[in-house]
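Descriptive structure summary
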Amino acid sequence: MMNDEVRIDPWGSSQSTDYSRIIDQFGLQSMDGLEVPNPSKLHRRGIIFAHRELDMILEAKRTGNPFGVLTGLMPSGMMHLGHSMVIDQVRWFQQQGGDVTIAVADLESTATRGISLAEGRKIAAEQYVVNYAALGLDPDLTTVYFQSQRSVVQRLGFQLGKRTNLSEFESIYGFDGSTTLAHVQAPLVQAGDILHPQLDEYGGLRPIVVPVGVDQDPHLRLTRGLAAKTNWFNVKPAKMGLQVGVSVQDENAHALGVEANGRVNKEKQKQIFDQIVSAISGIGFSDIISNPKHGTVNIPSATGRDKGAVQMALLRLERKLGGMGLLAPSSTYHRFAIGMTGDKMSSSKPKTTLFLCDDISTVEKKIKKSFSGGQSTVEEHRRLGGNPDIDVAFQYMMYFFEEDDAYLAELNQGYRAGNILAGEMKQLCIDRASEWMQNLKEKRDETAHLVEEFFE
Ligand code: TRP
C-alpha cells in the first residue's frame, strides 16, 4: 500500500479524518453540488459530507416513489452522542417518507467484540432502542431486528459470498491468515442486512439508503460490488446516451438462451432482447437500438439522469426472469465529532464522550474538563481569539445541541474574535447540553412503553 493511502478499518480504534482524501480515494461523492430539500442541521453544517448515489433516494422522494432506509448498530457498549448521529440521519430520512429497518449486529458483535448473543440483545434494547424512541424514531415506521434471527439475511450473505474471495477481503479489510472465520463472515452478513429490504417479503425493489459514519464505507463498497456482480443487465454511459450490457453468468445462462455447450438459442435470445426493449420503452424511451449479437442495447436519447430509472426497469425484468434483481445501495456519511479529550470518541473511554444516560452533573463535569480551543491566558485569548474548529464546547453545540444556525455563527465569530472566552463557551455548552439531556431523559420516560413495538 502506498504511504499516502488511507485504510479504513471498520473495527479499528483509530479513524482518519482526512475527509477530502477519503472522498478521492474511495470514490465517494461530495455533498457539495447536491441540492438536498429540507436539509437537517447535519446537512446545513456540512457534517454529512459525502454520499454514494443519494440522487436515487432524492429522486424517489421527488417522484413519490417508495424508498427504504437501513442501518445497523453494534451492541457492544453504552450508546453515546456519536451513535446518535446515525439516528439523526435516520430520523431525517424517515421524515422524508422512507421506511426504516435497523439491524442489531449481534452476530458481528459476537464475532468481533466477544459479546454473547444474549448480552447483545440486552444491550440493544436497554441502551439503544430506548434512545431511538426518545430521539423521535416512529415505532410504526421502524423495524429493529437481530442478525441472528433473520435467516434471510444470513442466507443472502451466504449466497453473495460466492461473488467474492479472500483476496478481496484482504485488500478491503486487511484480513490475513489469523482472521477468524466468524470475523470473515461479518461483512457478508452486513451485505445481507443492507440488501435484504429489497426482497419481496421485505418491501420489494426500491432504492435503499444506508446512513452511516464513514468507517462503514468498506462494507458499502463490498456490498455495491456484490450486488453489481449478480446483475444480469448493467447500465453504463455510452458515447451517445446509455448502454445496457447483458451479463451472462453460470446462474443465468440458461434463462438468457445460452446452452451448456455455449451455443446460443437465437429464438430465446431474441425474446430476452425484446423484453429488454419493452422494459425500456415502458419508461418512456422510443429510439432503442437492440444488438443481441454484441449483447447490448443502446438508448441514445437517455442521459445520466435516466440511469436510475433504466436500472430499476431492468431489475424488475431480471426478477421476472428469475434473478435476484438487487439494486446497489445508496449511502450517506457523517463526519465524526471530536472526542471530549481531543482524541477519538470511544465508548470504552468514558471521558471522550457523553453517554445518552449520563446524569447532568457528569455532563457538566465532562464539558468543564473538555478540550478547549481557547488561549492559555485571558489576555492572550482577548488578543488572539480562540479556535472554534477544535473547541469541544463549540463543536458539540454545532453537532448536537444547538439548532439555530445564526446564533451558532455568532458564537463562532465571537470566539474567533476573542470576545467569548473559553470558559464562557463551556458554560454556554453546559446550559444547552443539560437542557438537551434533560429533555431526552423525559422523552425516554414518555416513550419507554414503545420500545417493544420497534422489534419485529
Ligand atoms: N457494522 C456496523 C457497526 O459496527 C453495524 C452494522 C451491521 C451495520 N449491519 C449494518 C451498519 C448494516 C449499517 C448497515 O456499527
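Residues numbered from 1 in each chain as written. Predicted model: local features only at pLDDT ≥ 70, side-chain atom pairs only at ≥ 80, totals over all residues. Heavy atoms only, no water.

1. What about the site of the ligand?
Around the ligand sit 13 residues, and of these Gly72, Glu108, Gln190, Asp193 and Gln216 come closest. Note that a nitrogen atom of the ligand is positioned 2.7 Å from one of the side-chain N or O atoms of Glu108. Here a nitrogen atom of the ligand sits 2.9 Å away from a polar atom, N or O, in the side chain of Gln190. The protein chains hide 91% of the 360 Å² of surface that the ligand would expose on its own. Of all the secondary structure elements, the ones that give two or more residues to the shell around the ligand are β3 (68–73), α9 (181–195) and β6 (208–213). (Near = heavy atom within 4 Å. Polar contact = N/O pair within 3.5 Å; in protein donor to acceptor, adjacent residues only side chain to side chain. Areas by Shrake-Rupley, 256 points an atom, 1.4 Å probe, with all protein chains shown as cover. Helix = DSSP H or I, 4+ residues; strand = E, 2+ residues; numbered from the N terminus.)

2. Considering the pairing of strand β10 (residues 296–299)
Here β10 shows a buried face lined by Thr296 and Asn298 and a second buried face lined by Val297 and Ile299. Note: strand β9 (residues 289–291) against β10, 3 bridges, orientation antiparallel. Bridge pairing links Ser290 to Val297 in β10. Turn length for the β9-β10 hairpin, with the two strands adjacent in sequence and antiparallel, is 4 residues, and the turn residue Gly295 shows positive phi of about 70°. (Buried < 20%, exposed > 50% of the residue type's maximum accessible area, 1.4 Å probe, protein only. Pairing = 2+ DSSP bridges.)

3. A few points about the sheet that holds strand β5 (residues 142–146)
Taken in spatial order, the 7 strands of this open sheet run β1-β2-β11-β6-β3-β4-β5, and their pairing is mixed. Edge strands, defined here as strands with exactly one partner in the open sheet, are β1 (29–30) and β5. Of the strand pairs in this sheet, β1 and strand β2 (residues 48–52) are connected by 2 bridges, and their pairing is antiparallel. When the bridges of β2 are listed, Ser30 appears paired with Ala50. Where helix α4 (residues 81–95) meets the sheet, it contacts β2, β3, β4 (99–104), β5, β6 and β11 (330–334), and its direction lies at approximately 155° from that of β6. (Contact = heavy atoms within 4.5 Å. Axes fitted to C-alpha atoms, helices over the stretch in contact; angles between N-to-C directions.)

4. Details of helix α6 (residues 117–134)
Every α-helix winds through 3.6 residues per turn, so residues three or four apart in the chain are directed the same way. Compared with an ideal rise of 1.5 Å per residue, which puts 18 residues at 26 Å, α6 spans 25 Å between its outermost C-alpha atoms and is within 8% of the ideal. Along its length, α6 shows its largest kink, about 35°, at Ala124. By the burial criterion, the buried members of α6 are Gly120, Ile123, Ala124, Gln127, Tyr128, Val129, Val130, Asn131, Tyr132, Ala133 and Ala134. Packed against the buried residues of α6 are β3, α4, β4, β5, α17 (422–447) and α18 (451–454). (Expected span 1.5 Å × (residues − 1). Bend = angle between axes of the 7 residues up to and from the residue.)

5. Notes on the packing of helix α16 (residues 405–416) against α17
Viewed as axis vectors pointing N to C, α16 and α17 meet at an angle of 160°, and their least axial separation amounts to 11 Å. One element, α16, and the other, α17, form an angle in the roughly antiparallel class. As for how α16 packs across α17, the hand of that crossing is left-handed. For the pair α16 and α17, the contacting residues are Tyr407, Leu411 and Tyr415 in the first and Ala422, Met425, Leu428 and Arg432 in the second. Counted by class, the contact of α16 with α17 contains 6 nonpolar, no polar and 1 charged residues. (Parallel < 35°, antiparallel > 145°, perpendicular 65-115°, else oblique. Left-handed = near helix turned anticlockwise from the far one by under 90°. Nonpolar A, V, L, I, M, F, W, Y, C, P; charged D, E, K, R; others polar.)

6. Description of the sheet that holds strand β7 (residues 233–237)
The strand order across the open sheet built from 4 strands is β7-β8-β10-β9, with neighbouring strands paired in antiparallel fashion. Each end of this open sheet is capped by a strand with a single partner; those strands are β7 and β9. Across the sheet, the axes of successive neighbouring strands diverge by a mean angle of 20°, strand direction being ignored. The strands touched by helix α11 (residues 266–281) within the sheet are β7, β8 (242–246), β9 and β10, with β10 carrying the most contacts at an inclination of about 20°. Relative to β7, helix α12 (residues 307–320) is tilted by about 170°, and along the sheet it contacts β7, β8 and β10.

7. Description of the pairing of β7
Pairing of β7 with β8 involves 5 bridges; the strand directions are antiparallel. Each bridged residue has a counterpart across the sheet, and for Lys236 the counterpart in β8 is Gln243. Between the end of β7 and the start of β8, which pair antiparallel, lie 4 residues, with Gly241 showing a positive phi angle near 70°.

8. A short note on the nonpolar core
Membership of the largest hydrophobic core comes to 68 residues, with the highest contact counts inside it found for Tyr132, Tyr396 and Phe400. For this core, the element with the highest residue contribution is helix α15 (residues 392–401), accounting for 9 residues. No fewer than three residues from each of domain 1 (19–229 + 328–334) and domain 3 (350–454) sit in this core. In this structure Tyr132 touches Leu73, Met79, Ile87, Ile102 and Leu137, once residues within four positions along its chain are discounted. Val152, Ile172, Tyr173 and Val214 belong to the second-largest nonpolar core, a separate cluster that totals 39 residues. (Core = buried A, V, L, I, M, F, W, Y, C linked by side-chain atoms within 4.5 Å. Domains from an automatic or database assignment.)

9. Here's the deal with the domain arrangement of the protein
Here the protein is described as being made up of domain 1 (19–229 + 328–334), domain 2 (233–321) and domain 3 (350–454). Placing a centre on the C-alpha atoms of domain 1 and another on those of domain 2 gives a separation of 30 Å. Of the residues lining the interface, 14 residues belong to domain 1; the matching set on domain 2 comes to 11 residues. Considering only the surface of domain 1 that becomes buried against domain 2, Met56, Arg163 and Leu205 emerge as the three largest contributors, covering 56% of it. Summed over the shared surface of domain 1 and domain 2, the number is 3 salt bridges. Between Arg319 and Asp200 there is a salt bridge, with its nearest N and O atoms 3.4 Å apart. One can count 5 residue pairs in polar contact (both at pLDDT 80 or more) joining domain 1 with domain 2. Every element with two or more residues in the side of domain 1 that touches domain 2 is listed here: α3 (54–62) and α10 (217–230). (Buried area = accessible area lost by both parts, 1.4 Å probe. Salt bridge = Lys/Arg side-chain N within 4 Å of Asp/Glu carboxyl O.)

10. Observations regarding the packing of aromatic side chains
All chains considered together, the criterion is met by 14 aromatic pairs. Taken together, a centroid distance of 5.2 Å and an interplanar angle of 85° make the contact between Tyr396 and Phe400 edge-to-face. On the criterion of helical spacing, the pair formed by Tyr396 and Phe400 is a turn pair, its members being 4 residues apart in helix α15. A relative accessible area of 1% places Tyr396 in the buried class. Put simply, the rings of Tyr396, Tyr399, Phe400, Phe401 and Trp436 touch in pairs and so form one group of aromatic residues. Over the ring of Phe146 we find Arg121, and its NZ or CZ is 5.6 Å from the ring centre. A cation sits over an aromatic face here: Arg150 above Tyr145, 4.3 Å from the ring centre. (Phe/Tyr/Trp six-rings, centres within 6.5 Å; stacked < 30°, edge-to-face > 60°. Lys NZ or Arg CZ within 6 Å of the ring centre and 35° of its normal.)

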